[in-house]
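# Notes for the structure review
Residues per chain are reported as follows:
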Amino acid sequence: MSDNRCFHCSLPIDEPIRFFATINGICQPMCCPGCQAVAEAIVAGGLGSYYQHRVGSTSQQVTLEPVEELAIYDRADQQQGFVHPADQGCMVANLIIDGITCAACIWLLENHLSALHGVVQVSVNLSTHEAEITWQPDQLPLSQLLLAIHQIGYRASPWRADQQEVRLKQENRTFIRRLAVAGIGAMQVMMYAIALYSGAISEDMPALHRDLLRLFSAIIATPVVLYSAAPFYRAAWRDIKLLHPGMDVPVAIAIGSAYLASLWATFFAEGEVYYDSATMFTFFLLTGRYLELRARHATIRAARSLTGLLPPSCLKAVSGHFIRVPVTDLQVNDIVRILPGDTIPADGLLLQGTTSINEAMLTGEHLPRKKQSGDSLLCGTINMGHPVEMRVTHVTEQTQLAGILQLQRQAQQDKPAIARLADKVAGWFVLFVLLVAVAVYWVWSGIAPDDAFWITLSVLVITCPCALSLATPACLTAATGYLHRLGLLVTRSHLLEGLHSVHHIIFDKTGTLTEGNPALANVIVINDTGLAPQTVVELAAGLEAHSEHPIARAFATPGRYKATDVHNHTGQGIDGMIDGAHYRLGRSDFAAPGQQLTPPDEQGQWLLLSRQHQPVAWLQITDTLRPQAVSTIERLHRLGKTVTLLSGDNASAVARTTRMLGIRHWLAEQRPEQKLSYIKKMQAEGQQVMMVGDGINDVPVLAGADVSVAMGNASDLTRTSADGVLISGNLEHLADALCLAARTQRIIRQNLLWALGYNLTALPLAATGMVAPWMAAAGMTLSSLLVVSNALRLSRPPAFLPGSALWKV
Amino acid sequence: MESLIILLPLALVMIALATVVLLWAVDDGQFDDLDGPAHSILFDEPHRPAATDTQNKNNDNG
């Protein structure tokens, strides 16, 4: 494989490099005309420094949407809901932008758009990918704005805020408010607490000052305990009602009892105050919860780009003419014309002609499929061949695409919950503490009835499960951060805990274990021509150098031959003149018309090369494996996991891949619902299943598996259904993640053991009234610190190398 | 130590002010995007003659 990579999208490029763009004065290689156009548009706008600031690579641009498709948005009725009037004749459009990967994208978009004549203000939100553009409609039509976004390689679609979005925003703001109140309050209370502690140690603080500091601490702590910590009480109350105590119950008891005990001490001047512990604890826990909330919101938001799968408009036949209408206007039995490169707007039947359709999005099969009149066309797939007409049979919610999404939602709901270790421990712990508290109260009310209430409260406070409730989140945060640096983004928090208990790992083939790009696999020269296979490849490369078809990428060898007079025949092949002879490359009936030739083998896709209409050689095109696929599968087997391949591809292609990878279990020609039922069967047998996939067809399975990982090149929808995204595309990191999950589990256990040990040692001391308040506070802090620093060990790369004996946890 | 009588309420007023300012910032949408603005200050403003023209025009008018 060549080391050339596209400067824009970082995909590998095969020799010879045919597309270049000059960026910041240097001529850079480009993989395709799409990337070239985007890079040139960026440079032409004076925004070349985007390439210095961006993080990671930009997504590949294969097609640029035609202008007339976007022109539909210039109609006032289509602007309803996402365009609003603003001051001085300006309009504000809310768009959602697909393809944003880092802050440099925001900079690029804002600067590129604000340079347009008529644009007043642009603001793009990096977290939500929403753009708010204020512009003057009399100077610039909306379609030009959208086109400008498309020119620099992003997809813009109208964004009509729904109720869910409003709720998410509200939830986010409320949480930051709680966090702000808790943070400011905790800082201030801590300052008073230092004064109180030093007074208690030196024993020379006047009672008046002490009471005054306590009173002000109480005033500041009250909003923290009543407002900021409210989510904990609510969650704890829900847990109690369900008789299923989780971590929130001890947390609520700890905060509540510490606050009440402190209030008692403040107003009756007996006992100690714990305002600092209560507020600090609230702040720390809220911080952890907030990070969780943000990750959750990010995944919910990613699901919105579903609308991006469908084109905004299509050509509908109205009394003999084709006019452009919004896709939402389509009805069953409408006749629609689909141009080459267009996305099919609804399910339907092909009326006349033949074409080839790329159904990769639904089936995972990357090679275009031939369609004849009467065949069904599926919504969301792409026409790669001729302009054709179709009769609509299903629209919007009835399409197969919508069906897959429905399946995904159901699978998500049925997903087996992974029991959290900390929650299990918490259930027992809370029961134990409550029993001890009752016992302490009962015993002390016999010995000294006046002190009983106060001692019981101090027991509850001392057993405050700070360390216990930090034990798991701290580990997960540290391990998640480490995985992120490896290139595996955790989008749902249960991924790490789930990975640990996985027995069975299921892979999709195309795009997951393979690169998803076609490559030349085999050349069979037909006997009587006497050409060397190398010459055949070079002849083919000479022809394909003129083709934009994905298959052309398979011909990597630099051509010795220059073809002239080349013609592309869509869905058929390519022909041209080389050294005075007429060559044809493509389907056998195209290359050698009139001759009934069958490919040497059923597997893969075979192209025929002919000279002067006489067959010369067969060329086989297949998909290449990812470089780490073989070693990763071997490592997974060594870790004792079962590996299965479930593919939508045909049986012979799947069998070939599994032979190369050493995978023993596989199933071919699987539809999404079959894949899902396979996983359900495995789960019914008590196995924990992990799914790794990339296509829309994997979406239901990703949602239904116990743990799932989507590849980095997957669509947004696929990423949303998965618990993690392998951004790096390096399969080795999956095996690394499994090892890390085992380490994480071990450190969580250590932490829980320590935290429980501390609490259980402190408990009898507190119950007998032997612990001074400052000692208790120091002990609490120390145990929390110990737990956190133990967890931080996970954020460092392991001291041993992959492949060494220690990795085999 | 009698200064405490003044200092404690003063501190209370100050943190109340800080909280009010923060809550205002939250409602103003300043916390809706926590990643973008952090990076955007690092990027140079592009050299754009068009933008300078508009500025000059504005200056002339003013």
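Residues numbered from 1 in each chain as written. Chains lettered and ligands numbered in written order. Predicted model: local features only at pLDDT ≥ 70, side-chain atom pairs only at ≥ 80, totals over all residues.

### Some points on the overall build of chain B
Cut-off, in case you're wondering: The helix and strand labels rest on DSSP assignments: H or I over at least four residues marks a helix, E over at least two residues marks a strand, and numbering proceeds from the N terminus. Counting other C-beta atoms within 10 Å of its own, a residue is labelled buried from 20 upward, exposed at 12 or fewer, and partly exposed in the gap between, with every C-beta atom placed from the backbone.
The helix and strand inventory of chain B stands at 3 helices and 0 strands. Going from N to C terminus, chain B has its helices and strands arranged as α-α-α. The buried share of chain B, taken over its 62 residues, is 2%.

### Overview of the overall build of chain A
Let me state the cut-off plainly: Here contacts are defined at the residue level, using C-beta atoms placed from the backbone and a cut-off of 7 Å between them.
Across its full length, chain A holds 27 helices and 29 strands. Out of the 809 residues belonging to chain A, those deemed buried represent 45%. Contacts in chain A between residues far apart in sequence, at least 24 positions, make up 64% of those at least 6 positions apart.

### A word on helix 8 (residues 207–228) of chain A
As a reminder of what qualifies: Given the number of residues in a helix, its expected span is that number minus one, multiplied by 1.5 Å. To get the bend at a residue, fit one axis to the 7 residues ending there and another to the 7 starting there, then take the angle between the axes.
Given a rise of 1.5 Å per residue, 22 residues ought to cover 32 Å, and the 30 Å separating the end C-alpha atoms of helix 8 of chain A matches this to within 8%. Of all bends in helix 8 of chain A, the biggest is about 35°, found at alanine 221 of chain A, and the proline proline 223 of chain A comes one to four residues later.

### Looking at the nonpolar core
Definition in use: Structurally, a nonpolar core is described as a collection of buried Ala, Val, Leu, Ile, Met, Phe, Trp, Tyr and Cys residues joined by way of C-beta atoms within 7 Å.
In terms of nonpolar packing, the biggest core is built from 141 residues, with Ile255, Ala471 and Cys475 of chain A touching the most fellow members. Looking at this core element by element, the count peaks at 14 residues for helix 26 (residues 732–767) of chain A.

### Let's talk about the sheet that holds strand 15 (residues 382–383) of chain A
All names here are of chain A. To keep things clear, this is the line we draw: Note on pairing: DSSP must find at least two bridges between two strands before they are called paired.
Strand order across the open sheet formed by 3 strands is 13-12-15, with antiparallel pairing between neighbours. For this open sheet the edge positions go to strand 13 (369–371) and strand 15, each flanked by a neighbour on one side alone. Both strand 12 (residues 355–358) and strand 15 contribute to a ladder of 2 bridges, which runs antiparallel. If you follow isoleucine 357 over to strand 15, its bridge partner there is asparagine 383.

### Comments concerning the pairing of strand 25 (residues 642–646) of chain A
Residue and element names in this part refer to chain A. Here is the rule: Whether a crossover is right-handed comes down to one check: with the strands pointing away from the viewer, does the path from the first strand over the helix to the second run clockwise; if it does, it is right-handed.
Judged from the 4 bridges that link them, strand 18 (residues 504–507) and strand 25 form a sheet pairing that is parallel. The partner of histidine 504 across the bridge, within strand 25, is threonine 642. Bridging between strand 25 and strand 26 (residues 665–667) involves 3 bridges; their strand directions are parallel. Residue threonine 644 lies in a different strand from strand 26, and its bridge partner there is histidine 665. Regarding topology, helix 22 (residues 651–661) serves as the crossover connection from strand 25 to the parallel strand 26, and that connection is right-handed.

### Some points on helix 21 (residues 629–638) of chain A
Residue and element names in this part refer to chain A. Quick note on the threshold: Summarising the geometry, the arc corresponds to the directions from the helix axis toward the C-beta atoms.
Within helix 21, the full set of buried residues consists of Ala629, Thr632, Ile633, Arg635 and Leu636. The buried residues of helix 21 occupy an angular sector of 160° when the element is viewed end-on, so they sit on one face. Contact partners of the buried residues in helix 21: strand 18, helix 18 (509–513), strand 24 (614–625), strand 25, helix 22 and helix 26. Note on helix 21: the residue one or two positions beyond its end, glycine 640, has a positive phi of about 85°.

### Side note on the confidence of the model for chain A
Formally: For every residue, the predictor assigns a confidence score, pLDDT, that lies between 0 and 100.
Per-residue pLDDT for chain A has a mean of 78; in total, 82% of the residues score no lower than 70. Residue range residues 800–809 of chain A is modelled with pLDDT below 50. Its contacts to residues more than four positions away, or to other chains, number 10 contacts.

### Let's talk about unusual backbone geometry
All names here are of chain A. Positive phi is not limited to glycine here, since asparagine 333 has a value of about 80°. Of note, glutamate 669 is a non-glycine position whose phi angle comes to about 50°, a positive value. Locating glutamate 669 in the fold gives a position in the loop between strand 26 and helix 23 (672–684). For glutamate 669, a count of 14 C-beta atoms within 10 Å translates into the label partly exposed.

### Notes on the packing of helix 9 (residues 230–241) of chain A against helix 10 (residues 248–268) of chain A
Residue and element names in this part refer to chain A. Filter applied, for reference: For helices, the fitted line uses only the C-alpha atoms of the stretch in contact; every axis is such a line through C-alpha atoms, and the angle between N-to-C directions lies from 0 to 180 degrees. Roughly parallel means an angle under 35 degrees; roughly antiparallel means over 145; roughly perpendicular covers 65 to 115; every other angle is labelled oblique. Throughout, a crossing is termed right-handed when the near helix is turned clockwise from the far one, and left-handed when it is turned anticlockwise from it by less than a right angle. In this classification, Asp, Glu, Lys and Arg are treated as charged, Ala, Val, Leu, Ile, Met, Phe, Trp, Tyr, Cys and Pro as nonpolar, and every other residue, Gly included, as polar.
Axis separation between helix 9 and helix 10 bottoms out at 8 Å; the angle between their running directions is 130°. Taken together, the axes of helix 9 and helix 10 are oblique relative to one another. When you trace helix 9 past helix 10, the crossing you get is left-handed. Where helix 9 approaches helix 10, its residues Phe232, Tyr233, Ala235, Ala236, Asp239 and Ile240 are matched on the opposing element by Asp248, Val249, Val251, Ala252 and Ile255. Residue classes in the contact of helix 9 with helix 10 are distributed as 9 nonpolar, no polar and 2 charged.

### Some points on the sheet that holds strand 8 (residues 313–318) of chain A
Residue and element names in this part refer to chain A. Taken in spatial order, the 6 strands line up as 9-8-10-16-11-14 in an open sheet, and their pairing is antiparallel. The open sheet terminates on both sides in strands that have one partner only, identified here as strand 9 (321–326) and strand 14 (376–377). Across 5 bridges, the pairing between strand 11 (residues 347–352) and strand 16 (residues 388–394) is antiparallel. Following the sheet pairing, aspartate 347 is matched in strand 16 by histidine 394.

### A closer look at the pairing of strand 21 (residues 573–578) of chain A
Within a regular beta strand, the side chains point alternately toward one face of the sheet and then the other, so they alternate between its two faces. Residue and element names in this part refer to chain A. Burial runs high along strand 21: 5 of the 6 residues are buried. Relative to strand 21, strand 20 (residues 564–569) is paired through 4 bridges, and the arrangement is antiparallel. The residue bridging asparagine 568 from the neighbouring strand is isoleucine 574, located in strand 21. Hairpin connection from strand 21 to strand 22 (residues 581–586): 2 residues lie between these consecutive antiparallel strands, with aspartate 579 at a positive phi of about 50°.

### A word on the confidence of the model for chain B
Residues and elements named next belong to chain B. Within chain B, residue pLDDT values average 71, and 56% of them lie at 70 or more. Averaged pLDDT values for the elements of chain B fall to 41 in helix 3 (residues 49–61) and rise to 91 in helix 1 (residues 4–27). Every residue in residues 47–62 is under pLDDT 50, and counting partners more than four places away or in other chains gives 4 contacts. The ipTM assigned to the predicted complex is 0.72, against a pTM of 0.58.

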